[in-house]
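One-letter residues, chain by chain:
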Amino acid sequence: MLTYTILITGASKGLGYSLTKLYLSKGHKVIATYRKNLEKLEELKDNPNVIICQMDVSEEDSVKKAFECIREKTNHIDILINNAAVYLEDRSKTIENIDIEKAILTLNINSIGPLRVLKYFYNLVEKGAKKLIINVSSEAGSISNCWRDREYAYCMSKSALNMLSAILQNYSKTKGIKVLSIHPGWMRTDMGGPDADISPEEAAEGIYELSMKNWDVNDKNIYMDYKGNLMSW
Ligand SMILES: NC(=O)c1ccc[n+]([C@@H]2O[C@H](COP(=O)([O-])OP(=O)(O)OC[C@H]3O[C@@H](n4cnc5c(N)ncnc54)[C@H](OP(=O)(O)O)[C@@H]3O)[C@@H](O)[C@H]2O)c1
């Protein structure tokens with residue numbers, strides 16, 4: 001079986017951690033990046049296939065430093081997974097009293113974060129064999145299916161991420177790079193809460209299967225859920 005090198009942001013917990021463990025269990029190499037919480041990742045540090053590296057996607061210096069460090073350890077990335085994100089919504093807040101600082105922070109991490117990561121790491125994906133970029137999006141980013149009357153910043157951040165995916169796919173098709181924007185389902189994580197539908201392990205399995213497929217770079221249907229069901233922008 002072919003083995004790949006996968007970079008995952010926000011690997012300290014939740015879906016990012018489940019993806020890290022799953023790719024490692026299948027024999028792939030994982031560059032697991034974290035913001036500040038190393039606790040769970042340290043349990044994996046003796047695995048020779050894992051590189052653990054600090055990277056706060058909200059700060060360009062941090063992304064640049066991580067790139068310089070990772071470039072010394074690998075000359076390519078096969079699959080880049082932009083997973084790191086925050087959900088800072090207070091559902092009691094409507095348009096009249098929305099917290100603008102939290103909204104700016106949310107957009108900075110969830111939308112500009114992946115842009116920063118791609119600014120530095122895109123050239124390593126070009127050198128990879130698999131040539132796949134997965135942006136972990138959300139059904140909350142769908143404009144045509146929008147049902148919410150609040151949670152502005154999180155939803156806006158995922159719509160913007162979807163636009164990043166669409167533009168990047170246009171740019172990348174001549175390079176043979178595929179971009180996917182994947183809704184991972186409502187997961188029982190710190191973000192999704194205990195009442196959510198599925199475990200992060202189940203979402204990770206779905207994303208893993210999708211990542212192993214052979215994709216057509218000219219197909220513009222790139223927004224889908226973790227089972228591969230197409231979603232409407
Ligand atoms: N949970 C759901 O139901 C659900 C539904 C739809 C979409 N999603 C999406 O799925 C992805 C994973 O969500 P999750 O449920 O696993 O969330 P989670 O459990 O809250 O984990 C989020 C991860 O992102 C990291 N992170 C946050 N800010 C960061 C920053 N500035 N730089 C680097 N890493 C940062 C966190 O690191 P720390 O340990 O430092 O906080 C953590 O590792 C996200 O993109 C989310 O929007 C989730």
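In what follows, the structure referred to is the one given above.
Scope of this entry: the structure provided in the associated data block. (Residues numbered from 1 in each chain as written. Predicted model: local features only at pLDDT ≥ 70, side-chain atom pairs only at ≥ 80, totals over all residues. Heavy atoms only, no water.)

Here we look at the overall build of the chain
Helices and strands together make up the secondary structure of the chain, namely 6 helices and 7 strands. Along the chain, helices and strands appear, N-terminal first, in the series β-α-β-α-β-α-β-α-β-α-β-α-β. Its C-alpha atoms give the chain a radius of gyration of 17 Å, near enough to 17 Å, the size a compact globule of 233 residues would have. Burial analysis of the chain (233 residues in total) assigns 51% to the buried set. In the chain, once contacts between residues fewer than 6 apart in sequence are set aside, the share between residues at least 24 apart is 67%. Surface summary for the chain: the accessible area is close to 11,500 Å², and the carbon and sulfur share equals 50%. Both charge centroids of the chain, one from 30 positive and one from 30 negative side chains, sit 5 Å from each other. (Helix = DSSP H or I, 4+ residues; strand = E, 2+ residues; numbered from the N terminus. Rg over C-alpha atoms; globule rule 2.2 N^0.38 Å. Buried < 20%, exposed > 50% of the residue type's maximum accessible area, 1.4 Å probe, protein only. Contact = heavy atoms within 4.5 Å. Areas by Shrake-Rupley, 256 points an atom, 1.4 Å probe, with all protein chains shown as cover. Lys, Arg positive; Asp, Glu negative; His and termini not counted. Charge placed at Lys NZ, Arg CZ, Asp CG, Glu CD.)

Observations regarding the sheet that holds strand 2 (residues 29–34)
The sheet built from 7 strands is open, its strands ordered 3-2-1-4-5-6-7 with parallel pairing. Edge positions in the open sheet fall to strand 3 (50–54) and strand 7 (223–225), since each of these has one partner strand only. Pairs of neighbouring strands in the sheet enclose a mean axial angle of 20 degrees, with direction left out of account. Pairing of strand 1 (residues 5–8) with strand 4 (residues 79–82), which is carried by 3 bridges, proceeds in the parallel orientation. Bridge pairing links Ile8 to Ile81 in strand 4. (Pairing = 2+ DSSP bridges. Axes fitted to C-alpha atoms, helices over the stretch in contact; angles between N-to-C directions.)

Let's talk about the site of the ligand
Lining the immediate surroundings of the ligand are 31 residues, of which Ser12, Leu15, Asn83, Tyr154 and Thr189 lie closest. Between Gly10 and the ligand, the recorded distance is 3.0 Å, taken from a backbone N or O atom to an oxygen atom. Here an oxygen atom of the ligand sits 2.8 Å away from a polar atom, N or O, in the main chain of Leu15. Look at the ligand: alone it shows 910 Å² of surface, and the protein chains cover 95% of it. Elements represented by at least two residues in the shell around the ligand include exactly helix 1 (14–25) and helix 5 (152–172). (Near = heavy atom within 4 Å. Polar contact = N/O pair within 3.5 Å; in protein donor to acceptor, adjacent residues only side chain to side chain.)

Topic: the side chain of Thr74
Among the secondary structure elements, Thr74 is positioned in the loop between helix 3 (60–71) and strand 4. Among the polar contacts made by the side chain of Thr74, one reaches the main-chain carbonyl oxygen of His76 at a distance of 2.8 Å. Dropping the residues within four chain positions of it, Thr74 is found in contact with Thr5, Ile31 and Leu124.

A short note on the nonpolar core
The biggest cluster of nonpolar side chains holds 33 residues, and the ones touching the most others in it are Tyr23 and Ile81. Secondary structure elements with two or more residues in this core: strand 1, helix 1, strand 2, strand 4, strand 5 (132–136), strand 6 (178–183) and helix 6 (200–212). Not counting residues up to four positions away in its chain, the partners in contact with Ile81 are Ile6, Leu7, Ile8, Thr9, Leu19, Tyr23, Ile134 and Val136. If you look at the next biggest cluster of nonpolar residues, it comprises 27 residues, including Val57, Val117, Leu124 and Ile133. (Core = buried A, V, L, I, M, F, W, Y, C linked by side-chain atoms within 4.5 Å.)

Regarding the packing of helix 1 against helix 6
Two numbers describe a pair of packed helices, the interaxial angle and the distance between the axes. Look at helix 1 against helix 6: their axes get within 9 Å of each other, and the N-to-C directions meet at 55 degrees. Judged on the interaxial angle alone, helix 6 and helix 1 are oblique. Read as a crossing pair, helix 1 and helix 6 show a hand that is right-handed. Contact with helix 1, carried on its side by Gly14, Leu15, Ser18, Leu19, Leu22 and Tyr23, involves Pro200, Glu201, Ala203, Ala204, Glu205, Ile207, Tyr208, Ser211 and Met212 of helix 6 and no other residues of that element. (Parallel < 35°, antiparallel > 145°, perpendicular 65-115°, else oblique. Left-handed = near helix turned anticlockwise from the far one by under 90°.)

Here we look at the packing of aromatic side chains
Scanning all chains against the criterion turns up 6 aromatic pairs. Ring centres of Tyr223 and Trp233 lie 5.1 Å apart, and the angle between their planes is 20 degrees; this geometry places the pair in the stacked category. In this pair, Tyr223 is assigned in strand 7 and Trp233 in the segment after strand 7, connecting sequence segments 10 residues apart. For Trp233, a relative accessible area of 38% puts it in the partly exposed group. Through a chain of ring-to-ring contacts, three or more aromatic side chains come together here, namely Phe67, Tyr120 and Phe121. (Phe/Tyr/Trp six-rings, centres within 6.5 Å; stacked < 30°, edge-to-face > 60°.)

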